[in-house]
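Examining the three-dimensional arrangement
The lines below spell out each chain.
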Amino acid sequence: KDIFTNILNWEDADLLEDEESLIKFSFIHPQFNEVIRPSYLVNACHGQTIIIQSFDKNIDFDTALSTDDKWNSSIHFKLERLLREKQVSTGILVTNNKLRLVYAPRGETSGYIDFPFEIMIQASGRLVFAAFSELFSASKAFNSKKGQSLIDVLDLSRKYQAKVSIELSGQVLE
């Protein structure tokens, strides 16, 4: 939570953690009966929602974790499943050593980017920190004009990527 409030200047109230909201955005896997639950919800600008899962220990987001109920999947995969089930395109995983932005629009391939804190605190990581600060700033998350919020930027990036792919495939076929 500190990364959002102390570094990015979000307000405590921006990180919703009331039980009713968290239950509404939780998912129970039908086969394994495992509950996937957000740590926080963010009501970003223009009615957009971001789901955040926060972990106290430094865990690898991509390593499958064994559980008592046998759903041996990674934290990343479980967040993606939660995002898709709740029809939320954007989620964040955060530990003590990095933050991962996950973009998983319904019906499309997901993508993600990691922001390792160890790199961002070094002089050589200033550009990474600048990108991190710009993407997740309070103004970008909560006060952006339509088309300029974090989720809007992700949506536009995906559309531009699709346009470039179509143009390149046309060139290959010529």
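All of the points below concern the structure found in this document. (Residues numbered from 1 in each chain as written. Predicted model: local features only at pLDDT ≥ 70, side-chain atom pairs only at ≥ 80, totals over all residues. Heavy atoms only, no water.)

Considering the overall build of the chain
If you tally the helices and strands in the chain, you get seven helices and seven strands. The helix and strand sequence of the chain, counted from the amino end, reads α-α-β-β-β-β-α-β-β-β-α-α-α-α. For 174 residues, the compact-globule formula gives about 16 Å, and the C-alpha radius of gyration of the chain, at 17 Å, lands near that figure. Dimensions of the chain along its principal axes, counting C-alpha atoms only, are 55 × 40 × 35 Å. By residue count, 42% of the 174 residues in the chain fall in the buried class. A fraction of 49% describes how many contacts in the chain between residues 6 or more apart in sequence connect residues 24 or more apart. Per element, the accessible surface of the chain, about 10,100 Å² overall, is 51% carbon and sulfur. Taken together, the 19 basic and 24 acidic charged side chains of the chain have centroids lying 4 Å from each other. (Helix = DSSP H or I, 4+ residues; strand = E, 2+ residues; numbered from the N terminus. Rg over C-alpha atoms; globule rule 2.2 N^0.38 Å. Buried < 20%, exposed > 50% of the residue type's maximum accessible area, 1.4 Å probe, protein only. Contact = heavy atoms within 4.5 Å. Areas by Shrake-Rupley, 256 points an atom, 1.4 Å probe, with all protein chains shown as cover. Lys, Arg positive; Asp, Glu negative; His and termini not counted. Charge placed at Lys NZ, Arg CZ, Asp CG, Glu CD.)

Things to note about the sheet that holds strand E5 (residues 90-94)
Taken together, the five strands give an open sheet; going across it, the order is E3-E4-E5-E6-E7, and neighbouring strands pair in mixed fashion. Sheet topology places strand E3 (40-43) and strand E7 (111-116) at the edges, where each strand pairs with a single neighbour. Direction aside, the axes of adjacent strands within the sheet are offset by 20 degrees on average. As paired elements, E3 and strand E4 (residues 49-54) share four bridges and run antiparallel to each other. By the bridge assignment for E4, valine 42 is matched with isoleucine 50. Where helix H3 (residues 75-85) meets the sheet, its contacts fall on E4, E5, strand E6 (98-103) and E7, and the angle it forms with E5 comes to roughly 155 degrees. Most of the contacts of helix H5 (residues 126-136) go to E7, to which it runs at about 120 degrees, and overall it touches E5, E6 and E7. (Pairing = 2+ DSSP bridges. Axes fitted to C-alpha atoms, helices over the stretch in contact; angles between N-to-C directions.)

A word on H3
Here H3 has its buried residues at Ile75, His76, Lys78, Leu79, Glu80, Leu82 and Leu83. In this fold, the buried residues of H3 make contact with strand E1 (27-28), strand E2 (35-36), E4, E5, E6 and E7. At the C-terminal side of H3, glutamine 87 shows a positive phi close to 55 degrees.

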